[in-house]
Amino acid sequence: MMRRDLLLAAPAASALAAPALGQSGKPALDLFLRMQVEQHRAVGIAAQVVHRDGTLVFAGAAGRRDPDAPDPIRPDTLFRLASMTKPITAVAVLMLVEEGRIGLEDPADRFLPEFGTPRVQTTPGQDEPASRVPTIRDLLRHVSGLSYRFMNVPGIVEDYARRGVDDGLAAPDLTMAENMRRLSGAPLQAQPGTRWGYGLSFDVLGAVIERVAGVPFDRFVIERIGRPLGMDSLVFHVPESERGRMARAMMMAEGSGIRPIARGDGVPFAITGGRIISDPERAFSATAYPSGGGGATATLGDYLRFARMLLNGGALDGVRLLREETVAAMGAPQTGDLPINLAGPGFSFGYGVAVLVDREAAKSPQPNGAFGWSGVYGTGVSIDPASGLAFVLMTQTAVEGMLIADEFVRAFYTQGGAR
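Here the structure is a predicted model, which is why all the values come from computation and not from measurement.

Draft legend 1. Structural context of the overall build of the chain. Of regular secondary structure, the chain possesses twelve helices and 17 strands. Taken against the 2.2 N^0.38 rule, which gives 22 Å for 419 residues, the C-alpha radius of gyration of the chain at 20 Å falls within 12% of a compact globule. In terms of overall dimensions, the chain has a C-alpha envelope of 60 × 45 × 45 Å along the principal axes. A buried classification covers 59% of the 419 residues belonging to the chain. Approximately 15,600 Å² of the chain is accessible, and the part contributed by carbon and sulfur atoms is 51%. In the chain, the 42 positive side-chain charges and the 45 negative ones have mean positions that sit 1 Å from each other.

Below is the structure:
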C-alpha cells in the first residue's frame, strides 16, 4: 500500500496554477477550452504547456469538477490517468534497465515463470506454440501479442472473457498475481515482435517491476518517481478523505451531451468499435491491484512535472531519473513499419508512447519526433523535443477527451499558441 500522506500533502510549490480564464495572453486557447464545456463535450477541462526552460507558455481551465457540484477545476483536482499511466510504467522499467536489474531482451518468464510456455492463436479456437517468449522490449513496444478485451480481436476476446482476464479497469477485487495467472494461460494474438497490438503489456510490466524490486509496484512508482519529482498527488488508490478532489468520470450520452459513468457502463471505444467495461470507482478501491497500464491518478500540474522530466532528457529540478540517451530511446520509433492502429498513419511507437515520424501522413502541425499518449477517461500528454514544449490536457470525458487533447495540441500550433 502507498503512503497516504503523499496524497494528503499540500500541492508542491512548483505545481503550476492555472490563471483566470482570459488572462493567459492566448485568447484562442482560452476559447478552445471554454467551447469544450459550452458544447457539452466536457464538464471540466484544464491544460498547461511549458517550455524546456521552465516558462509556463499556457495555463487555462474551464468548467467544473463535477456536474452536481459548484467546484471549478482547480490545481488540486485529481484525474484518472488511465493509459497515461503507461509512460510512467515505462520510465520505471527503464530505471531498472539502467540499474542492470532488467534487460530489454530478457524474456518475460525470467521474472514471471507463468509466461514460459506461450501459445499463439492461428484461427479462433486454435493455437500453436509461440516462436519465443515475449521480451521486455516487446512489452514496452506493444508487440508482445497480448491484447485487451475491448480490442475485440476475434477468438482472443472470447478467450479472455472465459478466463476472466481483467483489462485493469473493472475488477476491484482481482489481484495482480491472479490476473497474470489468467492472462498467461491465454493465447497471444500474434507471434511476438510481428504485430503492434494494444493490450495488457504494461500490466505485465508492472508485475515484472514488483518481482524485481521486491516491493509493490505502486510503492516503487511513488517512491522512485513520484516522490523525487514532487508529484505528491500521484497515487493508485485514492483514500476516502480525498475523493472530493476527483473530477467526475463522464461519457458521451446517446443523442447529445454527456452523462456520468455508472459502474458497469460499457464505455464505447470508437476506434475499435469495442466497449470498455469501466469502473470509475476503481480508483477508490484499496483492494484493486495497481495497474501498470491504467491505474494511476494525479493532478494536471503533477503530471506536467513528469512530462517536463521527459522533455529535459530525464531530469527535473536537479533530480535525474534516466540518462538522456535512455529518454531519447523511449521517444524514438522502435516498431519499424508496423502499423500503429490506435495512432493512425504517420506514427511509430517507442517505449510506452506513440512517436510522430511523418507529419504529412499524420496531418499534424507538430514536428517529427513529438511523442506522447492519452488515457481513455480523457487525458493526453505530448512532448515536442524539437520545439522544447510539453503539453498536458485533462478532462474526464471517456474517449471524447482523448480527441479533445489532440485537438488542443493542433490548436496550439495553428492558432497563435506558439511561444
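Draft legend 2. Region of the structure containing the pairing of strand 9 (residues 274-277). Going residue by residue along strand 9, you find Gly274 and Ile276 tucked away on one face and Arg275 and Ile277 left uncovered on the opposite face. Strand direction decides the pairing type here: strand 8 (residues 266-269) and strand 9, joined by four bridges, are antiparallel. Residue Gly266 lies in a different strand from strand 9, and its bridge partner there is Ile277. Hairpin geometry of strand 8 and strand 9 is characterised by an intervening segment of four residues between the two adjacent antiparallel strands and by a positive phi of about 80° at Gly273.

Draft legend 3. Region of the structure containing the pairing of strand 4 (residues 119-123). Pairing between strand 4 and strand 5 (residues 126-129): four bridges, direction antiparallel. In the sheet register, Thr123 faces strand 5, and the bridge partner there is Gln126. Following strand 4, the chain reverses through two residues before pairing antiparallel with strand 5; Gly125 in that reversal takes a positive phi of roughly 95°.

Draft legend 4. Summary view of helix 6 (residues 176-184). Within helix 6, burial applies to Met176, Asn179, Met180, Leu183 and Ser184. For helix 6, the arc enclosing every buried residue in end-on projection is 130°, short of the 170-degree limit, so these residues lie on one face. Buried-residue contacts for helix 6 involve helix 5 (156-163), helix 7 (201-213) and helix 8 (217-229).

Draft legend 5. The arrangement of the confidence of the model for the chain in detail. Overall, the prediction assigns the chain a mean pLDDT of 91, with 93% of residues at 70 or greater. Predicted confidence is poor over residues 1-23, with pLDDT under 50, and the contacts of this stretch with residues over four places away or in other chains come to 50 contacts.

Draft legend 6. The arrangement of helix 7 in detail. If you check helix 7, its first and last C-alpha atoms are 18 Å apart, about what 13 residues at 1.5 Å a residue would give, namely 18 Å. Of all 13 residues making up helix 7, eleven are buried, and the element is well covered by its neighbours. Here helix 7 has its buried residues at Ser201, Phe202, Asp203, Val204, Leu205, Gly206, Ala207, Val208, Ile209, Val212 and Ala213. Next to the buried residues of helix 7 lie helix 3 (86-98), helix 4 (136-141), helix 6 and helix 8. Just downstream of helix 7, Gly214 is the residue with a positive phi angle, here 75°.

Draft legend 7. View of the packing of helix 2 (residues 27-38) against helix 12 (residues 400-414). Where helix 2 meets helix 12, the closest approach of the two axes is 10 Å, and the angle between their N-to-C directions is 160°. The angle between helix 2 and helix 12 falls in the class roughly antiparallel. For the element pair helix 2 and helix 12, the recorded crossing hand is right-handed. Residues Leu29, Phe32, Leu33 and Gln36 of helix 2 touch helix 12, and the partners they reach there are Ile404, Glu407, Phe408, Ala411 and Phe412. Partitioned by chemical class, the residues of the contact of helix 2 with helix 12 number seven nonpolar, one polar and one charged.

Draft legend 8. Geometry of the side chain of Asp166. Examined against the element boundaries, Asp166 turns out to sit in the loop between helix 5 and helix 6. The side chain of Asp166 sits in the buried core without any salt bridge; Arg282 is the nearest counter-charge, 4.4 Å away. Ignoring sequence-local partners within four residues, the contact set of Asp166 consists of Ala171, Leu174, Asn179, Leu200, Arg282 and Tyr289.

Draft legend 9. Just the pattern of salt bridges, in detail. One pass over the structure, following the stated rule, counts 27 salt bridges. Residue Arg248 is joined to Asp66 by a salt bridge in which the shortest nitrogen-to-oxygen separation is 3.1 Å. Of this pair, Arg248 sits in the loop between helix 8 and strand 6 (250-252) while Asp66 sits in the loop between strand 2 (56-63) and strand 3 (79-80), and the two are 182 residues apart along the sequence. Looking at Arg248, the relative accessible area reads 28%, which means it is partly exposed. Of the residues examined, Asp66 reaches a relative accessible area of 12% and is grouped as buried. Arg162 is the salt-bridge partner of Asp159, the closest N and O atoms lying 3.0 Å from each other. Placement of the pair is Asp159 and Arg162 together in helix 5, with a separation of three residues, close to one helical turn.

Criteria and cut-off values
- Note that residues are indexed from 1 along each chain, following the sequence as it is written.
- pLDDT decides what is reported in this predicted model: residues at 70 or higher carry local features, side-chain atom pairs at 80 or more are listed and counted, and totals for whole chains, interfaces and linings draw on all residues regardless.
- Think of the side-chain values as coming from all heavy atoms in the structure, minus any hydrogens and water.
- In this text, helices come from DSSP runs of H or I with a minimum length of four residues, and strands from runs of E with a minimum of two, each type numbered from the N-terminal end.
- Both definitions apply: the radius of gyration is a C-alpha atom measure, and the globule rule equals 2.2 Å times residues to the power 0.38.
- The classification of residues rests on relative accessible area computed with a 1.4 Å probe and restricted to protein chains. Under 20% of the type maximum is buried, over 50% is exposed, and intermediate values are partly exposed.
- Note on areas: Shrake-Rupley with a 1.4 Å probe; residue coverage comes only from the protein chains shown.
- The charge count includes Lys and Arg as positive and Asp and Glu as negative, but it does not include His or the ends of the chains.
- Here the site of a charge means atom NZ of a Lys, CZ of an Arg, CG of an Asp or CD of a Glu.
- Two strands qualify as a pair provided that DSSP identifies no fewer than 2 bridges between them.
- Comment: arc refers to directions from the helix axis out to C-beta atoms.
- We call two residues in contact whenever any of their non-hydrogen atoms come within 4.5 Å of each other.
- Confidence scores per residue from the predictor, reported as pLDDT, run from 0 to 100.
- An expected span of 1.5 Å times one less than the residue number is assigned to each helix.
- Geometry is summarised by axes, namely lines fitted to C-alpha atoms with helices restricted to the contacting stretch, and by angles between N-to-C directions that run from 0 to 180 degrees.
- Put simply, angles under 35 degrees are roughly parallel, angles over 145 are roughly antiparallel, angles from 65 to 115 are roughly perpendicular, and the rest are oblique.
- In this scheme the crossing of two helices becomes right-handed for a clockwise turn of the near helix relative to the far one and left-handed for an anticlockwise turn of less than a right angle.
- Three classes are used: nonpolar for Ala, Val, Leu, Ile, Met, Phe, Trp, Tyr, Cys and Pro, charged for Asp, Glu, Lys and Arg, and polar for all others, with Gly counted as polar.
- What makes a salt bridge here is a side-chain nitrogen of Lys or Arg within 4 Å of a carboxyl oxygen of Asp or Glu, nothing more.

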